[in-house]
Amino acid sequence: KSFSFLCAYLPSERKFLRLADPQLKEVAITPEQKFAVGTDVRDYELESNLDGKRFEDVYKVDLKTGERQLALRKARWYMGPSPDGTHLLYYDDGTFFTYDLTSGQSHNLTKGIPAVFYNTEDDHNVVKPPARIIGWSKDSQYVLLSDEWDIWKVPADGGAAVNLTSNGKTDKIRYESIWRLNPDDKGYDLSKPQYVRVYGEWTKKGGIGVIEPGHDRIRM
C-alpha cells in the first residue's frame, strides 16, 4: 500500500518537482542525468497476463519541468538508455531502433543491413524474437548488434553499419559476446582492443578473437 514516487529539487530555482505519480509510477533518471524515462503498463496489463506478451508505454520526462512526452507506444521490447542517456534502444518486428530523447526522432538501425536480427532458431511461440544485443559503445555513438553470427557496429542515429567480425555467417562461426573486463564500464571503448568469445558451430571449438581499434575486423 506504500509507494515512493521519484521527485527532484532544483536548488537554483527553489523548485520541487514530482517526476512520478499514480499515473506514471515507474520513472528512472537516465545516465548523465539529462532526462528521465517512465514506463506505464496499465493499458496492457490484462492483455499481458492473458497471452504472455508484455507491452508498455515509454515516456520522456523533462527533469526541469516534469513535463512528459510519449516516446514509445505499446513497446514490447524496450531495452533501456544509452550510456550518455540521450537515446533509447528498442526492437519491433525484426528491426532495431533508437529513439533520440533530444530530438524526439526514431532511427531505424538495421534497415539495409544484409542480415537478420531476430532469432530464427528460437522454438518458443514468439514471432521474430530479437537476437541478443551486444551493447553500446562507451561514447554512445554506436550500438553493437548480433545477427547470431557476426557483430555489427551501427551508428546510433542510423547509417552505414560495419560488420566487425566479417566471416561469422559464412564460416559458421558464432561471435557470441564481448568480454567486459571492467564491470564498472558503461559501454565498450572501441578505441581499445575488444576481446570476443568465439564458437565454431560445426567444429565445436571455442576461443577468443580480438577486434583491434581502427581496423574494424577481428583477429583470431
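Above: the structure in question.
Residues numbered from 1 in each chain as written. Predicted model: local features only at pLDDT ≥ 70, side-chain atom pairs only at ≥ 80, totals over all residues. Heavy atoms only, no water.

Caption draft 1: Here's a closer look at the pattern of salt bridges. Counting across every chain of the model gives 9 salt bridges. Between Arg68 and Asp21 there is a salt bridge, with its nearest N and O atoms 2.9 Å apart. You can see Arg68 sitting in strand S6 (residues 68-75) and its partner Asp21 sitting in the loop between strand S2 (15-18) and strand S3 (26-29), a full 47 residues away along the chain. Overall, Asp21 belongs to the buried group, its relative accessible area being 16%. In this structure, the salt-bridge partner of Lys74 is Glu47, at a minimum N-O distance of 3.8 Å. Remark: Glu47 occurs in helix H1 (residues 45-51) and Lys74 occurs in strand S6; sequence separation between them is 27 residues. One salt-bridge network, in which partners are shared between bridges, spans Glu121, Arg174 and Glu201. (Salt bridge = Lys/Arg side-chain N within 4 Å of Asp/Glu carboxyl O. Helix = DSSP H or I, 4+ residues; strand = E, 2+ residues; numbered from the N terminus. Buried < 20%, exposed > 50% of the residue type's maximum accessible area, 1.4 Å probe, protein only.)

Caption draft 2: Layout of the sheet that holds strand S11 (residues 133-136). Spatially, 4 strands are ordered S11-S12-S13-S14 in an open sheet, and the strand pairing comes out antiparallel. Single-partner strands in this sheet number two, and they are S11 and strand S14 (162-163). The pairing of strand S12 (residues 142-146) with strand S13 (residues 151-155) spans 5 bridges and is antiparallel. Paired with Ser146 across the bridge in S13 is Ile151. (Pairing = 2+ DSSP bridges.)

Caption draft 3: Spotlight on the side chain of Thr95. Here Thr95 shows up in strand S9 (residues 95-100). Residue classification places Thr95 among the buried positions, given a relative accessible area of 18%. If we ignore the near neighbours within four places in the chain, the residues touching Thr95 are Tyr90, Asn108 and Thr110. (Contact = heavy atoms within 4.5 Å.)

Caption draft 4: Molecular detail of the sheet that holds strand S8 (residues 87-92). Strand order across the open sheet formed by 4 strands is S7-S8-S9-S10, with antiparallel pairing between neighbours. Sheet topology places strand S7 (77-81) and strand S10 (106-108) at the edges, where each strand pairs with a single neighbour. Neighbouring strand axes in the sheet, compared pairwise and without regard to direction, differ in orientation by 25 degrees on average. Here S7 pairs with S8 via 3 bridges, running antiparallel. In the strand pairing of S8, Pro81 is matched with Leu88. (Axes fitted to C-alpha atoms, helices over the stretch in contact; angles between N-to-C directions.)

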